[in-house]
Amino acid sequence: MGAFDQARIGEPEIRAAAEVLAPVMRRTPVLPSRVLSERTGVPVWFKCENLQHTGSFKPRGAYNRIARLAADERARGVVAASAGNHAQGVAWAATGLGIASTVFMPVGAALPKVAATRAYGADVHFAGHTIDDALVAAQDFAAETGAVFIHPYDHEDVVAGQGTVGLEIAAQLPDVSAVVVPTGGGGLLAGVAVALAAVRPGVRVIGVQAEGAAAWPGSLQAGHPERAEAMSTVADGIAVGMPGSVPFPLVQGHVEGVVTVSDDALARALVLCMERSKLIVEPAGAAAVAALSTAGLELDGPVAAILTGGNIDPLVLTHVIGHGLRADGRYLAVRVSILDRPGALVGLLSVVGDSDASVVDVVHSRTAGQLALDEVQVALTMETRGAQHRSEVLDALRDAGYVLQIE
């Protein structure tokens, strides 16, 4: 689909989408974040789309798109491609409207997302190892069967549906000065920006991408969508290779800019949401929180950070939490060689204990690495109280004569 006349989507289209969605969609809450408010110096609120049906904002656009299909299109069914959130949104919306749905997912998609997509009623197929592979398969299926392809972001009805998040924020936070939006293909960013430009002109809208999969900054600089050079990030929900042609002119016209955040920042943001706000979010869903914590945004009033999704494999969650704790200086893993004699391990642990670190795990090996005959290697995992305490523990171990390999 090529670029289109921007006049075809605006407040009327988003208001119409809100009417379509009102009977079926949750009006998700906005919750204050004391810790981010203290860090930024302005009130920060979370718009909790992780609490939406299927665990993300995606059903808004999917339902609005599918609900507008003609009778003959409904009879042919719908097809989509997704690694998870869009898949679930399409399956949920189609089943609710009595329409058959088929979803193509990449091989290796998270099993909980696959199971949820099937549970919402979709016929799931696997194709390739990337979203791009799955998109090709879904479009081929549409051409062969007549099923209607439901794009995750590159359609005006989808953008209008996602824009209802902006209308809700304007109503829930009338004095909001800025909205920070995790961004992949750009459907949510464009919809929110158009909605706020209409009902709260002057509100800043800022997109956020993972720095390892950031197509938007270069595309905006070039003046047209360009494919990202790299696609490597824990935030698979916003790892989209190229901005959509439909959202692009809207983002150009209404969005202040798109910033990037590291995977470390995403992991720390996920931990913050869980620990301080008791909210489960996936890495992509925490991108706005990461930006508020690290991107140096200049803020002068209440801010809304959209938590776009909370669908995360428990095993991935465990990994990301561990990474986030390490990045936050609260988790320290080292390897150290000690003499293979009685009392050597006790001596090592005594230094750790005197430093007030808490030992999580100890692995004692006589066969690891390039060890001398009278040496053993100890893999030691500890909990620390933050970056300063972590440095103090490392200094204490080094001062005691230990040569450390930090994991």
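Note that this is a predicted model, so its numbers are computed, not measured.

With that out of the way, let us pick up the layout of surface pockets. Of the volumes computed, that of the second largest pocket is approximately 220 Å³. Lining the second largest pocket are 15 residues, with Arg39, Arg268, Ala269, Leu272 and Asp328 positioned closest to its centre. Those elements that provide at least two residues to the lining of the second largest pocket are helix H2 (34-40), helix H12 (263-277) and helix H13 (287-294). Looking at the lining of the second largest pocket element by element, the count peaks at 7 residues for H12. Residues belonging to the lining of the second largest pocket are distributed by class as follows: 6 nonpolar, 3 polar and 6 charged.

Below, the discussion takes up the packing of aromatic side chains. Overall, the coordinates contain 3 aromatic pairs when judged by the stated rule. Seen from their ring centres, Tyr63 and Trp92 are 6.0 Å apart, and the 50 degrees between their planes marks the pair as tilted. Taken together, the positions of Tyr63 in helix H3 (residues 58-67) and Trp92 in helix H5 (residues 85-96) put the pair 29 residues apart, joining distant regions of the chain. A relative accessible area of 10% places Tyr63 in the buried class.

The next thing to look at is the confidence of the model for the protein chain. Atom-level detail of predicted coordinates should not be read off regions where pLDDT is low. Summing up the model confidence of the protein chain, the mean pLDDT is 92 and the portion of residues at 70 or higher is 98%. Scored below 50 in pLDDT, residues 1-5 shows 12 contacts in the model against residues more than four places distant or in partner chains.

Definitions and limits used
- Residues numbered from 1 in each chain as written.
- Predicted model: local features only at pLDDT ≥ 70, side-chain atom pairs only at ≥ 80, totals over all residues.
- Heavy atoms only, no water.
- 1 Å grid on protein atoms, 1.4 Å probe; cavity = no way out; pocket = protein on both sides within 12 Å on 5 of 7 lines; lining within 4 Å.
- Points joined across faces, edges and corners; volume = space filled by probe spheres on them.
- Helix = DSSP H or I, 4+ residues; strand = E, 2+ residues; numbered from the N terminus.
- Nonpolar A, V, L, I, M, F, W, Y, C, P; charged D, E, K, R; others polar.
- Phe/Tyr/Trp six-rings, centres within 6.5 Å; stacked < 30°, edge-to-face > 60°.
- Buried < 20%, exposed > 50% of the residue type's maximum accessible area, 1.4 Å probe, protein only.
- pLDDT = per-residue confidence, 0-100.
- Contact = heavy atoms within 4.5 Å.

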